[in-house]
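Chain by chain, the residues:
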Amino acid sequence: MMHNIEGIGKKPLVSVGIPTYNRPNGLKRTLECITQQTYRNIEIIVSDNCSIDPNVEMVVKEFQSKDDRICYFRQLENKGAGANFLFVLKQSVGKYFMWAADDDEWEPEFIEICLASFDEHTTLVVPKMRLLYRKSNLTEEIVLPNISRNNSKVENVNSFLDLPTPSMFYGLYLKESLMQNYDDLSFDFADCFILTKILLNGQVEVLNSLDKALYTAGIDNTEYAIKAVDSRIDRMLVYNPYVMKQISLIFASPIGLKDKFKLVRKVLITTSRLFLWHEKAYKDINIFNKLKFFIVELLITLDSNLVWVTKKIRLIKSKKVKLLKNNLTNAAKNDSIKEEKNYSKTSYSQSGEDLIVKFIFDAIGITTPSYIDVGAYHPEHLSNTALFYQNGSRGINIEPDPTLFESFKLARVEDINLNIGVDDVQGEKDFYIISTPTLNTFSKEEAENCTRENNHQIVTISKTKVDIISNIIQNYCKGVFPDFLSLDVEGLDLKILQSINYEQSSPVIICVETISFSETGNGVKDLHIIQFLESRGYMVYADTYINTIFVKKDKWVLL
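Nothing here was measured: the structure is a model prediction, and the numbers come from that model.

Criteria and thresholds
- Residues numbered from 1 in each chain as written.
- Predicted model: local features only at pLDDT ≥ 70, side-chain atom pairs only at ≥ 80, totals over all residues.
- Heavy atoms only, no water.
- Helix = DSSP H or I, 4+ residues; strand = E, 2+ residues; numbered from the N terminus.
- Buried < 20%, exposed > 50% of the residue type's maximum accessible area, 1.4 Å probe, protein only.
- Pairing = 2+ DSSP bridges.
- Axes fitted to C-alpha atoms, helices over the stretch in contact; angles between N-to-C directions.
- Contact = heavy atoms within 4.5 Å.
- Parallel < 35°, antiparallel > 145°, perpendicular 65-115°, else oblique.
- Nonpolar A, V, L, I, M, F, W, Y, C, P; charged D, E, K, R; others polar.

The backbone of Cys50 sits at a positive phi, close to 60 degrees, despite the residue not being glycine. You can see Cys50 is positioned in the loop between β2 (42-48) and α2 (55-64). Notably, Leu382 is not glycine yet its phi reads approximately 55 degrees, a positive angle. Looking at Leu382, the relative accessible area reads 34%, which means it is partly exposed.

Have a look at this one:
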């Protein structure tokens, strides 16, 4: 790639601010990345926040001797991280500005590509990003929200609040816009608040289509954790300032009232989910923390149920209107109709799967089948086992999302409810919480597929306990598999099915999702699942396009 040397010697077009403290090795790595940028017309401002380690200044002096674009400041006292970030911004003279932390890395073309993506209305450009866990040298893509200058401001803010991504803070800014929207960084999630302001007041472009990540956020630990502004050990992060500032910002914006309420709800629910994930280690410290967690969990559960109830009410209203029209038409045609019998049947499944499964069990003489529901999601909504529970059956519900799990503790008190995941190995695994919870998954590939269609976003990723299904059957069912297996784990269904010991004990009926995720209805059927279960003595009894229902051949054929 050609170096841009046209502007050297002139006023720098891009300013790079490097706030640093006691990290000479990290600072060296950062300076190497920034001084080797292919776009050359930049200034590099280093502010040492009164480091104790003398090697910090030695590193800067070494680079200054080779590159006169570097300007070095040493603070006489530690100003705090927020003040140091603001200091380098105020010292800058370029039209564009970016922060470069002393624990991150940049590809040589970072500035060049970001700069080329600006137009006269763009205020921030964010390239593709990734995480690097330095202890293990493992990398992980940072899933960025679906944000584009072609979207409306409300759409962009909504996408960001679905997936508040602090790493976007390290994009390339139009400095004028940044100065207008900059805020105090002395509260947790302040970076996300500033990004929300920029999204509401300007146009942001996220370069999700790039072939590779241009920015790497370095993680020193084995798991991503929020860096708390207030570092006291005996407390949880304070989320209130962030929430209240976001609410004030949204209501002060010129968007419509309906959109304001939608965005405020998004702030409350998404922040609550982040709170539960990032603060789980503090839950059992004392009774007050337990109460806080209970309130937050209740809020999310109520919101989830409220959304479901609202959809139900709309559906019922729509059906009533349609029924009323039909009745009026029929009454006009035939006044002699005096009585109508109700032959309707209740189904809780997505496409009536529970009624099909019930028919099979009734036919083979199992009136109260036991069940295990893996990826249970909700006690009633889109549930394949709710009908059986209401009819007296009991079983096991497995739901790894802690917020979704809470509703099972309330609605399925006579079931065994497990807040874990299921895989073909025991241990811990990354669990991807999606903005549409029905798409939550342990599969990175499935999570990324979701983000490529419409506005689905990854809300958070967390290490979650997983167990082998045979262990669960042994521990909770004395080794005897329940009669009915309902399986919906977004991309890992086949692995779990292959882990079952069919010769020892297996379900009579299996209902499993066999279609790949698609918003357009063009999902691909997974024939491997069908072929595998047929090889294990099952036959396809029914298919609802989304799910396939299998029954043991020897149970059905002998009828």
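From this point, the narrative continues.
This part covers the sheet that holds strand β11 (residues 215-219). Reading across the sheet, the four strands line up as β5-β11-β7-β8 and stay open at both edges, with mixed pairing between neighbours. Lying at the two open borders of the sheet, with one neighbouring strand each, are β5 (105-106) and β8 (138-142). Pairing between strand β7 (residues 129-133) and β8: five bridges, direction antiparallel. The partner of Arg130 across the bridge, within β8, is Glu141.

Here we come to the sheet that holds strand β16 (residues 427-434). The strand order across the open sheet built from three strands is β15-β17-β16, with neighbouring strands paired in mixed fashion. The outermost strands of the open sheet, each flanked by one partner alone, are β15 (421-423) and β16. Shown here is a sheet whose adjacent strand axes are inclined to one another by a mean of 50 degrees, direction ignored. Where β16 lies against strand β17 (residues 458-468), eight bridges are found, and the strand directions are antiparallel. Residue pairing for β17: Asp430 is matched across the bridge by Lys463. In this fold helix α15 (residues 469-477) packs onto β15 and β17, with an angle of close to 60 degrees to the strand it touches most, β17.

So, on to the packing of helix α7 (residues 190-201) against helix α8 (residues 240-252). At a minimum axis distance of 10 Å, the contact between α7 and α8 shows a crossing angle of 10 degrees. Relative to α8, the element α7 is oriented roughly parallel. Each of Cys192, Phe193, Thr196, Lys197 and Leu200 in α7 lies in contact with α8, whose residues at this interface are Tyr242, Lys245, Gln246 and Leu249. Its residues assigned to classes, the contact of α7 with α8 comprises five nonpolar, two polar and two charged.

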